[in-house]
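# Tertiary structure, described
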Amino acid sequence: GMKTFEPEAKQLIAKGLKRVHEGKITNDQLLGLLGARAAAVVKNGITQGDGIPPPNAPSTIARKGSARPLIDTGRLLDSVSWLVLVNGIEGSKSD
């Protein structure tokens, strides 16, 4: 989940800032990489993690055929994305 992502994010930022300083990427690109990775971590937590509390009720499991919370139609999972705003203006996004 996001708690375990913090060390990875710090490392990504540190390496990314070095690449920005070297002129290899822009700040916007670094923020985009960080956003994309954070969205992937959230999606993975929903689909592969230990489960997000509270667990589904037995009636919910029977209706949707799965015990995994937050997954039914896939709309929530599809909506996890990221957006970089540069001075309040859209810089880059996930789609």
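Look up: the structure comes first, before these words.
Because the structure is predicted, anything quoted here is derived from the model rather than measured. (Residues numbered from 1 in each chain as written. Predicted model: local features only at pLDDT ≥ 70, side-chain atom pairs only at ≥ 80, totals over all residues. Heavy atoms only, no water.)

## Overview of the environment of A38
Along the polypeptide, A38 turns up in helix 2 (residues 27-47). Measuring from C-alpha to C-alpha, the distance between A38 and F5 comes to 7.6 Å, with 33 residues separating the pair along the chain. Here A38 is in contact with M2 and F5, once residues within four sequence places are set aside. (Helix = DSSP H or I, 4+ residues; strand = E, 2+ residues; numbered from the N terminus. Contact = heavy atoms within 4.5 Å.)

## Some details on the side chain of K64
One can find K64 in helix 3 (residues 58-64). In contact with K64, not counting residues within four places along its chain, are N56, P69, L70, I71 and D72.

## Re the pattern of salt bridges
By the definition in use, this model includes four salt bridges. The partner of E6 in a salt bridge is K10, and the shortest N-O contact between them spans 3.2 Å. Here K10 and E6 lie together in helix 1 (residues 2-21), a separation of four residues that amounts to about one turn. Its relative accessible area of 43% is what places E6 among the partly exposed residues. With relative accessibility at 53%, the residue K10 sits in the exposed group. A salt bridge links D72 to R63; the shortest N-O distance between them is 3.1 Å. We classify D72 as partly exposed; its relative accessible area is 47%. When its relative accessible area of 58% is taken as the criterion, R63 is described as exposed. (Salt bridge = Lys/Arg side-chain N within 4 Å of Asp/Glu carboxyl O. Buried < 20%, exposed > 50% of the residue type's maximum accessible area, 1.4 Å probe, protein only.)

## Re unusual backbone geometry
The peptide bond linking P53 to P54 adopts the cis configuration, its omega dihedral lying at -5 degrees. The residue P54 is located in the loop between helix 2 and helix 3 in this model. For L70, which is not glycine, the phi dihedral falls at a positive 70 degrees. Overall, L70 belongs to the partly exposed group, its relative accessible area being 43%.

## Quick look at a nonpolar patch on the surface
Residues I52, L70 and L76 make up a contiguous nonpolar surface patch of roughly 230 Å² in combined accessible area. Within the secondary structure layout, L76 lies in helix 4 (residues 75-79). Given a relative accessible area of 39%, L76 falls into the partly exposed group. (Patch = residues over 30% accessible without salt bridge, like charges linked within 9 Å, V, L, I, M, F, W, Y side chains within 5 Å. Areas by Shrake-Rupley, 256 points an atom, 1.4 Å probe, with all protein chains shown as cover.)

## Describing helix 1
For helix 1, which comprises 20 residues, the first-to-last C-alpha distance of 27 Å matches the rise-based estimate of 28 Å (1.5 Å per residue) to within 8%. Buried residues of helix 1: F5, A9 and G16, and no others. Where helix 1 is buried, its residues meet helix 2. (Expected span 1.5 Å × (residues − 1).)

## Looking at the side chain of N56
The topology assignment puts N56 in the loop between helix 2 and helix 3. Judged by relative accessible area, which is 18%, N56 ranks as buried. Reaching out from N56, the side chain makes a polar contact with the backbone oxygen of A67 at a distance of 3.3 Å. Polar side-chain contacts of N56 include one of 3.3 Å to the backbone oxygen of R68. With residues near it in sequence (within four places) discarded, N56 still touches I61, K64, S66, A67, R68 and P69. (Polar contact = N/O pair within 3.5 Å; in protein donor to acceptor, adjacent residues only side chain to side chain.)

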